[in-house]
Every structure is written in C-alpha cells, then in structure tokens.
Amino acid sequence: MDQKKRIFSGIQPSGDLTLGSYMGAIKSWAALQEDYDCLFCIVDMHAITVRQNPADLRRRTLEQMAQYIACGLDPEKNIMFVQSHVPQHAELSWVLGCYTQFGELSRMTQFKDKSAKHADNITAGLFTYPVLMAADILLYQADLVPVGQDQKQHVELCRDIAARFNNSFPDTFTIPEPFIPKMGARIMSLGTPENKMSKSEPDGCVFLMDSPEDIARKFKRAVTDCETAVRYDKENKPGVSNLLTIYCAATGKTIEQAEADFAGQGYGVFKPAVGEAVIELLRPIREESQRLLKDKAYLEAVCKDGAEKASYLATKTLRKVYKKVGFVAR
Ligand code: ATP
Ligand code: LTN
C-alpha cells in the first residue's frame, strides 16, 4: 500500500487568529487531514522574532490549540504540537544555519518588510527566521508544505538548503514542495483592503473569537468605494472584492452567484449580509473554542501527546544529521 504523503505547516501565535488565518490556512489544512499524514504546529519560537508580551504569548499558545481543534483539526488524526516543546527544532536550525548563505537570507522579502516595520529592533532571529522554518519542515521529512503565497519564498529557500545538504550528505532530507491550496483565499484587511489581514495588525482584522456584535459592526464599517455596484474588480474596487471573497468563502457560492445575489442592491444591504454570513461561519468555532478553553487539562494533554509524537520523528532525523556532519555520538 502507498504510504501517505507527509504535510507540515504552522502559524505563529503572534496575535489572535483571524478570519484570514482560517480562510487562508486552517480551513484547507482541515481538508487535507484525511488524505495526508499531517503535523500542525504552533510556532512560538518564530513569534519571538518580534517583541511579544510574555503573558499574551502564553495565553495565545493554548488558545491557538483550542482554535485549531474548534476549526476541525483532529488531534487523533494529526500530530498537533507547540514548537518550543520539541527542542530538535532549535538544534537542527543551528546546523542548517551553517549551510545557509548570508546572501540568501538577505533576499527574503518578509525579512525586508519586517525589518522596515521594526527598524529599532532588527534581531538576528528575524534574519535567521527562514532557517528555523526549514528545520521545522525538514525534521519531519515533509513532502508538502501548505502555505499562503507570502510564504512560498521561504519554502523555496528550504528546498535549496535541503538540496545543498543532500549534495554533501546524500539521502538526508526529503525535498519538500510548497503547496498553495486552491481553496485558500487571500483575505485583506477590512480597513485597508490593499493590505493582507494580519493578526499582528489588529486594525481591520476579524478575529475568530469576536462576538457577533463586533463582527456585524466591523463589516458595516468596512472600507468600500464611492460607487454602489457589488462587482468583483480587485484593481479598482479592492474593498468590495475582498468582501465578495469573504462572502463566497463563507457561503460556498461563486463570485458570479454572489454578484447576482446583490445585483441592484447597494452596499447598505451587501455589507451587513457579509457580516451575517461570517457570524454564522464563526459561531460554532467560537463556541467550541470557549468550551475547550475551560478544559485546560485536556488542551495540555493534547500538546503533550503531540510533542511526544513529534519528538519521536524529530529525533530520528536529528540523529542522522549529527552523524553525517561528524558529531561524536554521546
Ligand atoms: P503576522 O501578522 O504575525 O505576520 P499573519 O497573520 O500574517 O501573522 P502568519 O502566521 O504569518 O499570519 O500565517 C500563517 C499562515 O496563514 C500562512 O500560511 C499565511 O500565508 C496564511 N495567512 C495569513 N494571513 C492570511 C490572510 N489574510 N489571507 C490568507 N492567508 C493568510
Ligand atoms: N513562517 C510561517 C509560519 C511557519 C511555517 C513553518 C509554515 C513557521 N514554520 C513551517 C509552514 C511550515 C508564517 O509566517 N506563516
């Protein structure tokens, strides 16, 4: 029988999960869990590449696990864990860093963007972020890495590092492929629809845990344009196009169907209707997250079990790598 292909992906607990995290990532992960052998990680070590409040980081990490489960990821079917619980990520990252060029890291657009945004705090960790990400993926010999378009460059770098390492030490790593799920929608900020909805920029975000009242208010205030027609035109009508994308992702309709639904009706009808669709989409996720968060012991047990399973796989790869580079066995 064919072995299932392996998938690895992760999200940083750098802010509360948003509608973008769900529609762009977690929803497609949930669709993959039946057919692939999946690891879904909460990458807290990546989160500290920019300043975090420790208490918030701790709270969000457990909340993120609750939300993964509430969004339909099954801890029985997948390995779900917290990155810092598996020290092999940091250990492999060191070795891979010695097989990565300074020039390669300097070309990463996320580094350029984030260092411009945090000009007073450009750390070595922010610079070597993609090396840790490569370690995440290669430790588990992942075949596919589902990510949004913005992360493709990092997965390409991971492939280059793996190929270079394999060139010196054959048969060490599986070369992974970026996998941009077709159903994954790119969700833009409700306030500035030219920018991606990002959990570290709370303005313009809809959070998975927002109350129905908050969601309704945010959609009523969403930035549109001075026309009245509900029509998809990303160039000239970024706000309306983003709302259409959200509406379709929430209801399963096509853009054409949605445009027809609102033909002849203005934004005063359209915006609250999108809000309503999102309220219904997020209601069960919010309620299930709240229920799970009351059972801290269960969430901690899921994290522990995930970390044990991940460690088992990670140890195998790390042992092989240490041997190949010439470290003496302990
Ligand atoms: P940060 O603000 O800390 O950079 P983020 O909210 O932009 O975080 P990430 O943790 O970097 O999100 O992304 C996790 C995954 O979700 C990635 O694969 C990314 O491509 C995807 N993703 C994040 N935001 C969106 C969005 N608005 N629309 C679609 N996909 C998204
Ligand atoms: N850099 C990613 C998060 C991330 C990741 C990974 C994704 C860290 N390690 C490994 C896929 C595979 C992000 O910001 N979205």
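What counts and how
Residues numbered from 1 in each chain as written. Chains lettered and ligands numbered in written order. Predicted model: local features only at pLDDT ≥ 70, side-chain atom pairs only at ≥ 80, totals over all residues. Heavy atoms only, no water. Helix = DSSP H or I, 4+ residues; strand = E, 2+ residues; numbered from the N terminus. Expected span 1.5 Å × (residues − 1). Buried < 20%, exposed > 50% of the residue type's maximum accessible area, 1.4 Å probe, protein only. Polar contact = N/O pair within 3.5 Å; in protein donor to acceptor, adjacent residues only side chain to side chain. Near = heavy atom within 4 Å. Areas by Shrake-Rupley, 256 points an atom, 1.4 Å probe, with all protein chains shown as cover. Nonpolar A, V, L, I, M, F, W, Y, C, P; charged D, E, K, R; others polar. Salt bridge = Lys/Arg side-chain N within 4 Å of Asp/Glu carboxyl O. Contact = heavy atoms within 4.5 Å. 1 Å grid on protein atoms, 1.4 Å probe; cavity = no way out; pocket = protein on both sides within 12 Å on 5 of 7 lines; lining within 4 Å. Points joined across faces, edges and corners; volume = space filled by probe spheres on them. Phe/Tyr/Trp six-rings, centres within 6.5 Å; stacked < 30°, edge-to-face > 60°.

### As for helix 3 (residues 54-70)
Here helix 3 is 17 residues long and its end C-alpha atoms lie 24 Å apart, about the 24 Å a rise of 1.5 Å per residue gives. Among the 17 residues that make up helix 3, 12 are buried, leaving the element largely enclosed by the rest of the structure. Where helix 3 is concerned, the buried positions are Leu 57, Arg 60, Thr 61, Leu 62, Glu 63, Gln 64, Met 65, Ala 66, Gln 67, Tyr 68, Ile 69 and Ala 70. The backbone nitrogen of Ala 55 lies 2.9 Å from a side-chain oxygen of the residue at the head of helix 3, namely Asn 53. Following helix 3 by one or two positions, Gly 72 has its phi on the positive side, about 110°.

### Regarding the site of ligand 1
Around ligand 1, a shell composed of 18 residues is seen, among which Ser 14, Asp 150, Lys 196, Lys 199 and Ser 200 lie nearest. Between an oxygen atom of ligand 1 and a side-chain N or O atom of Ser 14, the distance comes to 2.6 Å. Ile 187 is positioned with one of its backbone polar atoms (N or O) 2.7 Å from a nitrogen atom of ligand 1. For ligand 1, whose unbound accessible area comes to 600 Å², protein coverage reaches 95%. Of the residues assigned to the shell around ligand 1, the class counts are six nonpolar, seven polar and five charged.

### What about the pattern of salt bridges?
With the rule as written, the count across this model stands at 21 salt bridges. For Lys 218, the salt bridge identified is with Asp 210, shortest N-O distance 2.7 Å. For Lys 218, a relative accessible area of 22% translates into the label partly exposed. Given a relative accessible area of 9%, Asp 210 falls into the buried group. Between Arg 231 and Glu 227 there is a salt bridge, with its nearest N and O atoms 3.3 Å apart. Given a relative accessible area of 36%, Arg 231 falls into the partly exposed group. The exposure class of Glu 227 is partly exposed, given its relative accessible area of 39%. Because the salt bridges share partners, they merge into one network encompassing Asp 225, Glu 227, Arg 231, Asp 233 and Lys 237.

### Quick notes on the environment of Thr 61
Position of Thr 61 relative to the elements: it lies in helix 3. On the basis of relative accessible area, Thr 61 is assigned to the buried category, the value being 12%. In this structure the C-alpha to C-alpha distance between Thr 61 and Ser 14, which are 47 residues apart in sequence, comes to 9.0 Å. In this structure, Thr 61 is in contact with Pro 13, Ile 42, Asp 44 and Val 82, ignoring residues within four places of it in sequence.

### Section: the site of ligand 2
Ligand 2 sits among 13 residues. The nearest are Gln 12, Tyr 129, Met 133, Asp 136 and Gln 151. Within the side chain of Tyr 129, a nitrogen or oxygen atom sits 2.6 Å from a nitrogen atom of ligand 2. Starting from 360 Å² of accessible surface for ligand 2 in isolation, the protein chains cover 91%. At the level of secondary structure, the elements contributing two or more residues to the shell around ligand 2 comprise strand 1 (6-11) and helix 7 (124-139). In terms of residue count, the dominant contributor to the shell around ligand 2 is helix 7 (four residues). In terms of residue class, the shell around ligand 2 is built from seven nonpolar, five polar and one charged.

### A look at the layout of surface pockets
When its volume is computed, the second largest pocket comes out at roughly 360 Å³. Around the second largest pocket sit 17 residues that line it, and Leu 57, Arg 58, Arg 59, Thr 61 and Leu 62 are the ones nearest its centre. Elements represented by at least two residues in the lining of the second largest pocket include exactly helix 3 and helix 13 (296-325). When residues of the lining of the second largest pocket are assigned to their parent elements, the largest contribution, seven residues, is made by helix 3.

### Considerations on the packing of aromatic side chains
According to the stated counting rule, one finds 14 aromatic pairs in the structure shown. On the numbers, 5.6 Å between centres and 75° between planes, the contact of Trp 29 with Tyr 68 is edge-to-face. Note that Trp 29 is positioned in helix 1 (residues 19-32) and Tyr 68 in helix 3, a separation of 39 residues in sequence. The pair Trp 29 / Tyr 68 is uniform in exposure class, with both members buried. Ring centres of Tyr 99 and Phe 169 lie 6.3 Å apart, and the angle between their planes is 70°; on these two criteria the pair is classed as edge-to-face. Separated by 70 residues along the polypeptide, Tyr 99 in the loop between helix 4 (88-97) and helix 5 (102-106) and Phe 169 in the loop between helix 8 (152-168) and strand 5 (177-179) bring together distant segments of the chain. Assessed through its relative accessible area of 19%, Phe 169 is described here as buried.

### With respect to helix 7
Between its first and last C-alpha atoms helix 7 spans 22 Å; for 16 residues at 1.5 Å apiece the expected length is 22 Å, and the two agree. Burial within helix 7 is extensive, with 13 of its 16 residues counted as buried. Phi for Gln 141, located one or two positions after helix 7, is positive at around 50°.

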